[in-house]
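Listed here are the chains, written in short residue letters.
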Amino acid sequence: MFFFFPMVPMMNPILIAAAVLPAVFLLVKVYRADRLEREPPMLLVSLVLYGILATGLALLTERLGTFLLDIFVRQDTVLYNVLLYFVVVAFSEEGFKYLLLKRRTWNSPAFNCQFDGVVYATFVSLGFALWENIGYVIRYGFSTAVVRAVTAIPGHACFGVFMGAWYGLAKRYDNMGCASQSKTCRFLSFFLAAFAHGCYDYIATMDSVHYGWIFVAFIAVMFAAAFVVIQKMSKNDRFISQRTYYDL
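The present account deals with the structure reproduced in this document. Nothing here was measured: the structure is a model prediction, and the numbers come from that model.

## Brief notes about helix α5 (residues 142-149)
Every α-helical turn comprises 3.6 residues, leaving residues that sit three or four positions apart pointing alike. Buried within α5 are the following residues: T144, A145 and R148. End-on, the buried residues of α5 take up no more than an arc of 105°, which puts them together on one face. The exposed residues of α5 that point more than 90 degrees off its buried face are S143 and V147.

Now the structure itself:
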């Protein structure tokens, strides 16, 4: 959840490195998995910047959503937490990621392979995570960087992988003239990423020591699923102009 912007004058170089390097590492890993045709560097840089922009837009809708939620729902209820994490936070953050992703890449001539969708969505997500992490680390210190390096940053990468897998499939169907299937895949691209994000936040904030194990198990399953998607889609990637594809 992103509730503030980092202030540049306060930045400690060591803390910034701790905040940025995990995101950069994951960006490189996903970039190298794109085996058919590497994406234009400027396009990828712009996607990271779009991810940073998404943090600011999400900040506004999260504050508005939280304000309205506080008026109509009691804070000490399960309903409040469900609406907060699954609707206010997840829909805001994944929604702006998706909108900016589609605006920048859907009609790009570089979007010519199905795996490109994974690359693009992951770069947007990690741009978001990078900027968010800088803010958290500046405020809370190096220990926060360590925790987020193995939870929040890979978490955002996983959300991006899930979004990108269906986004690339949507582009495939669009290229084949299957408008209905493409629309369904675009919806799943957003919804599944938002659902995974909501689960992550909801489980992470449960007020019980026993839920720590549930959170660890959830992260492990999510990371494993994202890894399988990356491996499978990278190995079986095809140019969108080709008619032979595998199913997700």
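## Some thoughts on the packing of aromatic side chains
Scanning the entire structure with this criterion turns up 12 aromatic pairs. For the ring pair F86 and F195, a centre distance of 5.9 Å and an interplane angle of 40° mean the geometry is tilted. Remark: F195 occurs in helix α7 (residues 179-204) and F86 occurs in helix α3 (residues 78-105); sequence separation between them is 109 residues. On the basis of an interplanar angle of 25° and a centroid distance of 5.4 Å, the ring pair of F111 and Y167 is categorised as stacked. Taken as a pair, F111 in the loop between α3 and α4 (116-140) and Y167 in helix α6 (residues 152-175) lie far apart in primary sequence, 56 residues in all. Using a relative accessible area of 4% as the deciding quantity, one classes F111 as buried. The class of Y167 is buried, set by a relative accessible area of 0%.

Definitions and limits used
- Residues numbered from 1 in each chain as written.
- Predicted model: local features only at pLDDT ≥ 70, side-chain atom pairs only at ≥ 80, totals over all residues.
- Heavy atoms only, no water.
- Buried < 20%, exposed > 50% of the residue type's maximum accessible area, 1.4 Å probe, protein only.
- Helix = DSSP H or I, 4+ residues; strand = E, 2+ residues; numbered from the N terminus.
- Arc of directions from axis to C-beta.
- Phe/Tyr/Trp six-rings, centres within 6.5 Å; stacked < 30°, edge-to-face > 60°.

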